[in-house]
Amino acid sequence: MACPRVVNSATPPGLGQRLRRALRPIRRLVGRFAAPEAGGLPVPGSVRSGSAAGRVRQVQRTVNRNHLDEVPIDGSYGPATEAGVKALQRELGLPATGVADPLTVSLALTRADRLARERATDLATPRRTLLRLPVPPQPRDPARPGRGHLILETASRGWAVKLLQQGGFAGYEAESTACFLALLDRLGPDGLFFDVGANVGPFSHLAAAVGGWRVVGFEPTPDLASAFRRIAEANQFDARLEELALGAVPGAAKLYLSDDSDSSNSLNPQWRKSSRQLMVPVETLDNYVARSGAAPAVLKIDTESTDAEVLAGAQRLLGEHRPWLIVEVVEDEFGGPMEEQVAAFGYTYYPLLDDRMPMRPQPHLKGSGVSQQWNWLLAPEPLDDAFSEQVARWRAALAPCTPEPSD
């Protein structure tokens with residue numbers, strides 16, 4: 001006679017039992033979408049065109065929790081909903097069928113919950129930065145009244161804010177900043193500046209504070225765009241922020257948020273390691289100029305390895321208006337494609353990598369080989385030594401512009 005099996009209640013559950021417990025939340029989520037539906041679907045419980053409006057709205061809300069409210073909550077499984085589901089499936093590593101099957105929905109809900117927790121953590125522990133940043137006076141006309149200082153108040157904890165917090169405008173890309181201010185001085189007040197890849201807008205805010213220029217910034221990263229607007233409002237600048245990316249063709253693209261620095265966010269998936277992405281609108285500069293009726297006299301481009309694509313979408317602007325360009329060349333391989341985009345327009349290349357004067361043109365755009373500054377001035381007309389002297393004066397005027405204690 002076999003002995004009866006004795007079960008010890010203290011024995012840890014087996015692998016099968018642990019697996020069943022782990023799958024319970026997913027099963028509950030799938031069950032919300034797994035009710036039988038008339039008409040027959042390839043995967044039971046899937047939601048697609050023709051599904052009940054209430055279930056479609058649930059899918060639309062799920063897509064929006066992952067994609068910053070891109071799909072209207074109307075209960076109709078139309079092209080916008082299908083496109084949103086496809087984009088979500090690509091991010092989840094699933095086949096982009098456009099049909100909200102139970103696996104897509106369950107993984108999306110789990111991902112949305114994780115993102116919500118991350119955002120709540122960030123909002124619960126803000127570290128606001130409040131700085132009074134001295135701005136340089138006009139060295140060519142010392143008697144001209146200056147603004148004195150700029151107020152920077154933001155919850156952004158990114159790269160640009162860190163540099164400004166540590167060294168003010170004296171420590172923020174000093175050679176490029178000095179050349180930029182000398183260029184505004186050369187062109188006169190009341191110009192228009194486009195800041196592509198603006199981050200929180202150091203160049204934009206200097207253009208408004210020192211040169212009295214109008215500004216349009218382009219920044220697709222939501223928290224950086226918000227910080228740009230707050231700084232402009234606090235200082236009453238004539239600055240507009242367009243929350244979009246610029247490229248060679250209009251449409252939409254995935255913005256890869258760098259795990260290391262918000263200064264390295266890029267449309268290029270190979271640029272930096274990224275565990276978070278956003279779908280963002282993309283426009284060309286030529287389209288923007290055409291619809292806004294405004295063309296910049298100075299254009300700064302810093303889009304982390306996609307600068308050539310921005311220039312490709314600005315061919316009409318470069319040919320008709322010939323703006324002065326400040327561009328970032330992060331590595332040698334990106335210089336050639338940028339040269340191809342401006343080759344027809346007669347630009348001269350001046351490196352802004354150090355404080356050597358006078359400035360001398362170079363035949364090709366190259367990266368600096370260091371991890372600090374890679375900016376070049378692309379001039380539509382050759383520069384003389386007088387411009388280099390003005391850059392040196394602005395460099396000296398910037399030197400004492402370190403942060404002041406805030407009240």
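Definitions and cut-offs
- Once a new chain begins, its residue numbering starts again from 1 and follows that chain's sequence as written.
- Given that the model is predicted, a residue must reach a pLDDT of at least 70 before its local features are reported, and side-chain atom pairs must reach 80 or more before they are shown or counted; all residues, however, enter totals for whole chains, interfaces and linings.
- Calculated side-chain values reflect all of the structure's heavy atoms, with hydrogen atoms and water omitted.
- Buried residues of nine kinds, namely Ala, Val, Leu, Ile, Met, Phe, Trp, Tyr and Cys, make up a nonpolar core once their side-chain atoms join them within 4.5 Å.
- Summary of the burial criterion: residues with accessible area below 20% of their type's maximum are buried, those above 50% are exposed, and those between are partly exposed, where the area comes from a 1.4 Å probe applied to protein chains only.
- Helix numbering and strand numbering both begin at the N terminus, where a helix is a DSSP run of H or I of at least 4 residues and a strand a DSSP run of E of at least 2.
- Whether two residues are in contact is decided by their heavy atoms, any of which lying within 4.5 Å being enough.
- A pair of strands is considered paired only if DSSP assigns at least 2 bridges between the two.
- Two rings from Phe, Tyr or Trp (for Trp, the six-membered ring) form a pair when their centres are within 6.5 Å of each other. A pair whose planes differ by under 30 degrees is stacked, one over 60 is edge-to-face, and the rest are tilted.
- Only when the NZ atom of a Lys or the CZ atom of an Arg is both within 6 Å of the ring centre and within 35 degrees of the ring normal do we say a charge sits over the ring.
- What qualifies as a polar contact is a pair of N or O atoms within 3.5 Å, subject to a donor-acceptor requirement within protein and to the restriction that residues adjacent in sequence count only when both atoms come from side chains.
- pLDDT gives the predictor's per-residue confidence on a scale running from 0 to 100.

Caption draft 1: Molecular detail of the nonpolar core. Ranked by size, the top nonpolar core spans 51 residues in total, and within it L150, F169, F180, M359, L377 and F387 carry the most contacts. Counting residues per element, this core draws most heavily on helix α6 (residues 174-187), which supplies seven residues. Setting aside chain neighbours within four positions, we find L150 in contact with L131, R132, L133, V135, F169, H205, A209, I231, N235 and F237. Counting 29 residues, the second largest nonpolar core, distinct from the first, contains L311, L325, V329 and M338.

Caption draft 2: The sheet that holds strand β8 (residues 274-283), seen in detail. Read across the sheet, three strands follow the order β6-β8-β7 without closing on themselves; strand pairing throughout is mixed. The open sheet has two edge strands with one neighbour each: β6 (245-246) and β7 (251-258). Bridging between β6 and β8 involves two bridges; their strand directions are parallel. Counterpart to L246 in the pairing with β8 is E283.

Caption draft 3: Expanded view of the packing of aromatic side chains. Across all of its chains, the model carries eight aromatic pairs by this definition. On the basis of an interplanar angle of 75° and a centroid distance of 5.8 Å, the ring pair of F194 and Y288 is categorised as edge-to-face. Of this pair, F194 sits in strand β3 (residues 192-196) while Y288 sits in helix α9 (residues 285-292), placing them 94 residues apart in sequence. By relative accessible area, which is 3% here, Y288 ends up buried. Grouped by ring-pair contacts, the aromatic residues W159, Y172, F180, F193 and F203 constitute a single cluster. Stacked on the ring of W271, the Lys or Arg R272 has its end atom at 3.8 Å from the ring centre. One residue, R322, lies across the ring of Y347, its end atom 5.5 Å from the ring centre.

Caption draft 4: How the structure looks around the side chain of N64. With respect to the element layout, N64 can be found in helix α2 (residues 53-67). With a relative accessible area of 7%, N64 lands in the buried category. A polar side-chain atom of N64 sits 2.7 Å from the main-chain carbonyl oxygen of V71.

Caption draft 5: The pairing of strand β9 (residues 298-301), seen in detail. Along β9, one buried face is formed by V298 and K300 and the opposite face, lined by L299 and I301, is buried too. Relative to β9, β3 is paired through four bridges, and the arrangement is parallel. Residue pairing in the sheet places D195 in a bridge with K300 of β9. When β9 meets strand β10 (residues 324-328), the two strands line up parallel, connected through four bridges. Each bridged residue has a counterpart across the sheet, and for K300 the counterpart in β10 is I326.

Caption draft 6: Examining the confidence of the model for the chain more closely. Summing up the model confidence of the chain, the mean pLDDT is 83 and the portion of residues at 70 or higher is 81%. Across residues 1-11, where pLDDT falls below 50, the model places zero contacts with residues more than four positions away in sequence or in other chains. Of the regions scoring below 50 in pLDDT, residues 26-42 engages in 31 contacts with residues more than four places distant in sequence or in other chains.

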